[in-house]
Structures are given as C-alpha cells and as structure tokens.
Amino acid sequence: MRSQQGADAARPRRGGWLLALAILASAGGAYAWRNREHPAAPKPAARAPAPIPVTLARVEQGPLAVVLGGLGTVQAYNTVQVRSRVDGQIETIAFREGQVVKKGDLLAQIDPRPYQAALEQAKAKKAQDEANVKNARADLERYTKLGDYASRQQTDTQTATVNQLTAQIAGDQAAIDNATTQLSYATIKAPIDGVTGFRLIDVGNIVNAAQQTAIVTIAQVEPIAVVYTAPEEQLGEVMRALAAGTVPVEAWSTDGMTRLSEGRLDLVNNQVDTATGTVRLKASFANADHALWPGLSVSTKMRTGTIPDAVTVPDDAVQHGPKGLYAFVVDDRSRAHMQPITVGRSTDGRTQVTQGLSPGQTVVWRGQSRVQEGALVAEAKPAGSSHSTADAADNAALASSEAR
C-alpha cells in the first residue's frame, strides 16, 4: 500500500523535470537558429594612433642682433615754464592750449604803457644832456682860444664839465637800453619750439615778476627723449657699443606689440644707482609724427652689436622642464625627441642656442602640450587647405606602417 503511494508521488516529479528539459532544449534550438540567420560581426582591428598636429620650424644659422631690453619714460627734451619778467595787467593771450608754437611766437601781451613812458623819459634825459654837453664844449673851445686871457682854472673846470656831461650821456643810454628791455618784457614770446599746455592765467589778471605761477608751460617734443634703465652687469657692453659709434634704440609700446619710434643713445649716467643696481640711460628721438609724448611709459630695445653665426630657433620652441631647457627635435621618421639645450640671446622672436642643436634640424615650434618622447607628429595644416585630404591619407598610411 505504501509502495504504491510512493510510486504515484514520484511520477509527477519526473514529469516536471522532463518538461523543464524540453523547454531548455527548445530555447537552445531557437538561439542556434538565430545565430545562424544573423552571424556576429567581426571585431575591427586595432588602429594605430594618429600623428599629433604641430607646427615645425628649422634650426637656422646666421647673424643675430644683440638687443638689450628695458623700460623707460618719455621726457620732453626741454620744458619751460613761461612767467612774466615785469609787473602789469595781461591784455592779450595769443596762444591756444595744446598749440604747437615756434620760438619767438607771441604768447601774451602785458600793458606796455608804463614801460613805454619810462623809455621816452630816458630818451628825453639823454637829449637834454647832449644839449648841455654841446654848450659846455663850446665854452671850452672859447676858453682855449682866449689863451692867456683865460685862467688855467677856468679851462680845467670847463674840461671837467664836458667830461661829466659826456658821462651822463653814457648813463642816459644805459637807461634807454634798460627801458627798452623792460618794454620788450611786456611782450611775452615763446622761448623754444614746443607744445603749450594748460593756460594758467587769463586775460585781465595782474602779474608780477616775483610770482611763482606760470602763464603756460611749453614742452619740446621734437626731438624728444626717453630715459630708461639697464642692469649694471650690462654697463660694460653698453659703454663699448657707445664708444664704437651710434647705438640704435627703438621705443615700443609697453605690451611690446607696436614700434613707436627709432632713435639713438645719447647719454649713460655718470653713476650706478646702488639701491637698484641699475644705470640710467637717455636716448633721443626725432619724433616728427609725435608718436612719443612726455610722461608716456615705453619699452626700449637697444642694439649693442651682432653675433655673426648664431644658431637660432623660434622662442616658442624652447621649453622648460624639471631638468632645464629642452626642445623637441623631429627625426626622419617624424618622431619627436626631447633634446636638452643651452640658450643665449633672444631677439625678434628667435633665441640663440649655444649647445644641443645643429643648423638644419627640425624642431617643434608650437603644439608641444600633447607631445611626449617618441610621439609621432605631423605638420598642422590650416583649416580648409586643399592638401588636407591628401595629408590625412599620408598620415594614416604612415601610422599604419609604424604600427606594422
């Protein structure tokens, strides 16, 4: 009885297993049929890395100017504060603020009447003394003709009178000259060529010779000067260049983007500033176009000589690393390699390389941020270039050959 019940219970369990196996077999068959109808796509082959686009440059050899840079300030070649040399009321202002004036141009007119009257008075005094001396000489001549009839005392006295009146005439002439000078001071003229500044006194004001307020300030801007500094270590080089001849100096904007004017070095100061370790220099510029203006801050470039056979690269080709300066040199397989270098002068965007590079080598100029030792590089082409497609194909072929 019990065995019959166990057999009856086992039959349902075996049926469940058989059903599960049938379902699995059906699913496997469906998967196999699906894979046969839609085979898996083959995996693509690994591609070689594309060359890094960079800008390349050649290592060149040739003359390199030795240029010393500095910072300076433009100064007027001459500056004059125009003041009155006599007392009086200003009747006329004959200039405009900011006007370019020439030496001798009328600037202002002070009331001349008192000085004109003093001049006329001095002339009248001279005329009076000239009449007196004429009469005294006539008397002296008569005394002389009388001979023994005139006493010696009368003749000597009359001679002294003539001499005294003659001396008075000389004094009268000096008074006339002084009155003429004072009268000329009433007409104020420009003492130099230059540009006028703000007018500091208006018409109708009383001025005097003792006051400190100027009528106007005139600054000479043709020529004009630039005062700048150089380190004391460069003093010997500057002095040798100045002794050899003219030392050209260029004035540039402070951002170094615009050349303003070109002149020459005129003066090396007679002492070094011990506080800063620099020496002051002064250069002059013709400044016909008024590109330089008093008070303007400029950067200077002073050419002190030339290196005849300098090996140079663009400034941006020189890189700074933990072990010093280096440049990426590109070999004949377009691979970039780090090359330690030693540099010297830098002028007009090119740096002298004293050790590490040879003329004719190719270096990476721009785009070094992605370049590493041994990286494959290629010359970057401008967008839209007609050769861009061909270059891309060449780069791809080169990459494939390198991968193989």
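Because the structure is a prediction, the values reported are computed rather than measured.

(A) Representation of the sheet that holds strand β10 (residues 216-219) within the structure. Read from one edge to the other, the open sheet built from four strands follows the order β3-β10-β8-β5, with strand pairing classed as antiparallel. Edge positions in the sheet fall to β3 (79-82) and β5 (100-101), since each has one partner strand and no second. Where strand β8 (residues 194-196) lies against β10, two bridges are found, and the strand directions are antiparallel. Along β10, the bridge assignment pairs T196 with I218.

(B) Focus on the environment of E97. Inspection of the secondary structure puts E97 in the loop between β4 (88-93) and β5. Exposure remark for E97: the relative accessible area of 43% places this residue in the partly exposed category. Distance in space between the C-alpha atoms of E97 and F198 is 5.4 Å, their sequence separation being 101 residues. The residues contacting E97, other than those within four sequence positions of it, are T196, G197, F198 and R199. Within the structure, the side chain of E97 is placed 2.7 Å from the backbone nitrogen of R199, a separation counted as a polar contact.

(C) Geometry of the pairing of strand β6 (residues 106-110). Of all five residues in β6, four are buried; the element is thus mostly enclosed. Relative to β6, β4 is paired through three bridges, and the arrangement is antiparallel. Looking across to β6, one finds that I93 is bridged to A108. Strand direction decides the pairing type here: β6 and strand β7 (residues 187-189), joined by three bridges, are antiparallel.

(D) Examining the environment of G295 more closely. Structurally, G295 is set in the loop between β14 (278-285) and β15 (297-314). G295 gets classed as exposed once you look at its relative accessible area, which sits at 52%. Considered as a pair, G295 and V74 are 221 residues apart in the sequence and their alpha carbons are 5.2 Å apart. The residues touching G295, leaving out its near neighbours within four places in the chain, are T73 and V74.

(E) The arrangement of the pattern of salt bridges in detail. Going through the model one piece at a time under the given rule, you end up with 10 salt bridges. Between E60 and R350 there is a salt bridge, and its shortest N-O distance comes to 3.8 Å. With E60 in strand β2 (residues 60-76) and R350 in strand β20 (residues 350-355), the pair connects residues that are 290 residues apart, well separated along the chain. A relative accessible area of 41% means that E60 is categorised as partly exposed. With a closest N to O distance of 3.0 Å, R345 and E237 form a salt bridge. Remark: E237 occurs in helix α4 (residues 235-244) and R345 occurs in strand β19 (residues 342-347); sequence separation between them is 108 residues.

(F) Molecular detail of unusual backbone geometry. Each neighbour pair has its own omega, and for E222 with P223 the value is 0°, a cis peptide bond. Not every positive phi belongs to a glycine, and H290 is a case in point at roughly 60°. Secondary-structure assignment places H290 in the loop between β14 and β15. Positive phi is not limited to glycine here, since D348 has a value of about 50°. By the secondary structure assignment, D348 is in the loop between β19 and β20.

Cut-off values and rules
Numbers given to residues run from 1 along each chain, matching the order in which its sequence is written. Reporting of local features is limited, given that this is a predicted model, to residues whose pLDDT is at least 70; pairs of side-chain atoms are given and counted only at 80 or more, and all residues count toward the totals for whole chains, interfaces and linings. Where side-chain values are given, they derive from all heavy atoms of the structure, hydrogens and water being excluded. The pairing criterion is simple: DSSP has to find at least two bridges between the two strands. A run of H or I in DSSP counts as a helix once it spans at least four residues, and a run of E counts as a strand once it spans at least two, with each numbered from the N terminus. Only protein chains enter the calculation, and the probe is 1.4 Å; a residue is then buried if its accessible area is under 20% of its type maximum, exposed if over 50%, and partly exposed in between. We call two residues in contact when some of their heavy atoms are within 4.5 Å. Two N or O atoms count as a polar contact when they lie within 3.5 Å, although within protein this holds only if one can serve as hydrogen donor and the other as acceptor, and sequence-adjacent residues are included solely when both atoms are side-chain atoms. Put simply, a salt bridge is a Lys or Arg side-chain nitrogen that is within 4 Å of an Asp or Glu carboxyl oxygen.

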